[in-house]
Amino acid sequence: MYTIKSYVFAQSLDEAWELLNRDRQNNVILGGGCWLRLGKKRIRTAIDLCRLGLDQVRLADGFVEIGAYVPLHRLETEPLLTQRFGGVLGKSVENIVGVQLRNLATVGGSVFSRFGFSDLITALLALDTRVVLYKAGEMPLEAFLSAPIRRGDILVKLRIRDDGRVAAYQSLRRTATDFPVVAAAVSRRGNRWVVSVGARPGFARRSPLAAGVLERGEGCGAAGRAAARELPFGSNLRAGENYRRAVAAVLVRRAAQACEEGGREA
């Protein structure tokens, strides 16, 4: 359970940033919903961004831009996204709990929190996504994930180059709406491939070794084995390290095969 002393609808990003940095430990940015660990939390000021126009999906300067306040379910229904990248973003979130939650949880909240179980981050990483922060500016998602959490900054939007690439997503879950045990995403543009694996159980990471295998034409199965060999895996209540490694090899192979088929159809 948590309690909020003050709830503020920010009228500008500058106001939201100023409120957040008055007390980074006790003031928080809220999207449409929030994940909470069991326990109690007191929030001094909750800062709502819903009035700042961050719920837009648009084409701009050769990029698909997705505002931080866009709900996850819109990734499944927005024509601008379903008609690009093999609809991989919608497919990556379609098994997250239920439509009710996906209409609340936002893209910004999912990405900024860097959850290890994030289906969305796995797919975004395979698309060479860039993040735009209010103060730190624009950077590759991969760099954002490896840097310390920027608790005093605000994620504004994501940018994905509209380059015609095909992509595919695969995951294994113990039950249909559970968190993934392992997730994998692969994208292809010509002979350039990107492979990412998430829920290892850490957040998604790319496998340059697997991408290189695909670019040399050594086969999808070999790429899966390369990703399983290159990336670190761990154990938790959902699965053990060796099981995750074996599953990752299969999921990468399947996603790569789907990209090959999609490329032939295109």
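Residues numbered from 1 in each chain as written. Predicted model: local features only at pLDDT ≥ 70, side-chain atom pairs only at ≥ 80, totals over all residues. Heavy atoms only, no water.

For the chain, the name recorded in an unreviewed UniProt entry is FAD binding domain-containing protein, with Candidatus Anaerotruncus excrementipullorum as its organism.

### Quick look at unusual backbone geometry
The residue after Arg200, namely Pro201, is reached through a cis peptide bond having omega 15 degrees. Counting through the fold element by element, Pro201 comes out in the loop between strand 11 (192–198) and strand 12 (205–206). Positive phi values are uncommon outside glycine, yet Val97 reaches one of about 50 degrees. You can see Val97 is positioned in the loop between helix 4 (88–93) and helix 5 (99–102). Owing to a relative accessible area of 44%, Val97 belongs among the partly exposed residues under this scheme. (Helix = DSSP H or I, 4+ residues; strand = E, 2+ residues; numbered from the N terminus. Buried < 20%, exposed > 50% of the residue type's maximum accessible area, 1.4 Å probe, protein only.)

### Brief notes about the sheet that holds strand 3 (residues 41–48)
Sheet architecture is open: three strands sit in the order 1-3-2, paired in parallel fashion. Of all the strands in the sheet, just strand 1 (2–9) and strand 2 (27–30) have a single pairing partner and so form its edges. The average undirected angle you get between the axes of adjacent strands in this sheet is 35 degrees. In this structure, strand 1 lies alongside strand 3, joined through seven bridges in parallel fashion. Bridge assignment links Ile4 to a residue of strand 3, and that residue is Ile43. Set on the sheet, helix 1 (residues 13–22) makes contact with strand 1, strand 2 and strand 3; between it and strand 2 the angle comes to about 140 degrees. (Pairing = 2+ DSSP bridges. Axes fitted to C-alpha atoms, helices over the stretch in contact; angles between N-to-C directions. Contact = heavy atoms within 4.5 Å.)

### A word on the nonpolar core
In terms of nonpolar packing, the biggest core is built from 39 residues, with Ile66, Leu75, Leu89, Val107, Val111, Leu120 and Phe144 touching the most fellow members. Among the elements that take part in this core, helix 7 (residues 119–126) stands out by supplying six residues, more than any other. Setting aside anything within four residues of it in sequence, one finds Leu89 in contact with Ile66, Leu75, Leu81, Leu120, Ala123, Leu124, Leu127 and Ile160. Core analysis: the second largest hydrophobic core is formed by 28 residues, Ala211, Cys220, Ala223 and Ala248 among them. (Core = buried A, V, L, I, M, F, W, Y, C linked by side-chain atoms within 4.5 Å.)

### Notes on the side chain of Arg102
Within the element layout of this structure, Arg102 appears in helix 5. Discounting chain neighbours no more than four positions away, the residues touching Arg102 are Pro71, Leu72, His73, Glu76, Val93, Glu94, Ile96 and Val97.

### A short note on the layout of surface pockets
When its volume is computed, the second largest pocket comes out at roughly 160 Å³. Considering the residues around the second largest pocket, the lining is formed by Gly116, Phe117, Phe179, Pro180, Ala199, Pro201, Asn236, Leu237, Arg238 and Arg244. Classifying every residue of the lining of the second largest pocket gives six nonpolar, two polar and two charged. (1 Å grid on protein atoms, 1.4 Å probe; cavity = no way out; pocket = protein on both sides within 12 Å on 5 of 7 lines; lining within 4 Å. Points joined across faces, edges and corners; volume = space filled by probe spheres on them. Nonpolar A, V, L, I, M, F, W, Y, C, P; charged D, E, K, R; others polar.)

### Re the packing of helix 9 (residues 208–215) against helix 10 (residues 220–230)
As a packed pair, helix 9 and helix 10 sit with axes 7 Å apart at the nearest point and diverge in direction by 165 degrees. In terms of orientation, helix 9 lies roughly antiparallel with respect to helix 10. The interaxial crossing formed by helix 9 with helix 10 has right-handed handedness. Counting all contacts with helix 9, which are made through Pro208, Leu209, Ala210, Val213 and Leu214, the residues of helix 10 involved are Cys220, Ala222, Ala223, Ala226, Ala227, Arg229 and Glu230. For the contact of helix 9 with helix 10, the class distribution of residues is ten nonpolar, no polar and two charged. (Parallel < 35°, antiparallel > 145°, perpendicular 65-115°, else oblique. Left-handed = near helix turned anticlockwise from the far one by under 90°.)

### Examining the pattern of salt bridges
If charged atoms from side chains of opposite charge come close, those side chains can pair. This model, assessed by the stated rule, comprises 19 salt bridges. Close ionic contact of Arg216 with Glu218 constitutes a salt bridge, the shortest N to O distance being 2.7 Å. Residue class for Glu218 comes out partly exposed when judged on its relative accessible area of 44%. Because the salt bridges share partners, they merge into one network encompassing Arg58, Glu65, Arg130, Glu138, Lys157 and Arg159. (Salt bridge = Lys/Arg side-chain N within 4 Å of Asp/Glu carboxyl O.)

### Details of the state of the cysteines
Using the criterion set out here, one finds zero disulfides in the structure. Left without a disulfide partner, Cys259 is nearest to the cysteine sulfur of Cys220, which lies 8.5 Å away. Take Cys259: its relative accessible area is 1%, and that puts it in the buried class. (Disulfide = S-S within 2.5 Å.)

### Quick word on the packing of aromatic side chains
What the rule picks out here adds up to four aromatic pairs. Plain terms: the ring middles of Phe115 and Phe117 are 4.9 Å apart, the flat faces sit at 10 degrees to each other, and that makes the pair stacked. Judged by relative accessible area, Phe117 falls into the partly exposed class, the value being 26%. Grouped by ring-pair contacts, the aromatic residues Phe115, Phe117 and Phe179 constitute a single cluster. Residue placement shows Arg51 over the ring face of Phe9; its charged tip is 4.0 Å from the ring centre. Positioned above the aromatic ring of Trp17, the side-chain terminus of Lys135 is 4.5 Å from the ring centre. (Phe/Tyr/Trp six-rings, centres within 6.5 Å; stacked < 30°, edge-to-face > 60°. Lys NZ or Arg CZ within 6 Å of the ring centre and 35° of its normal.)

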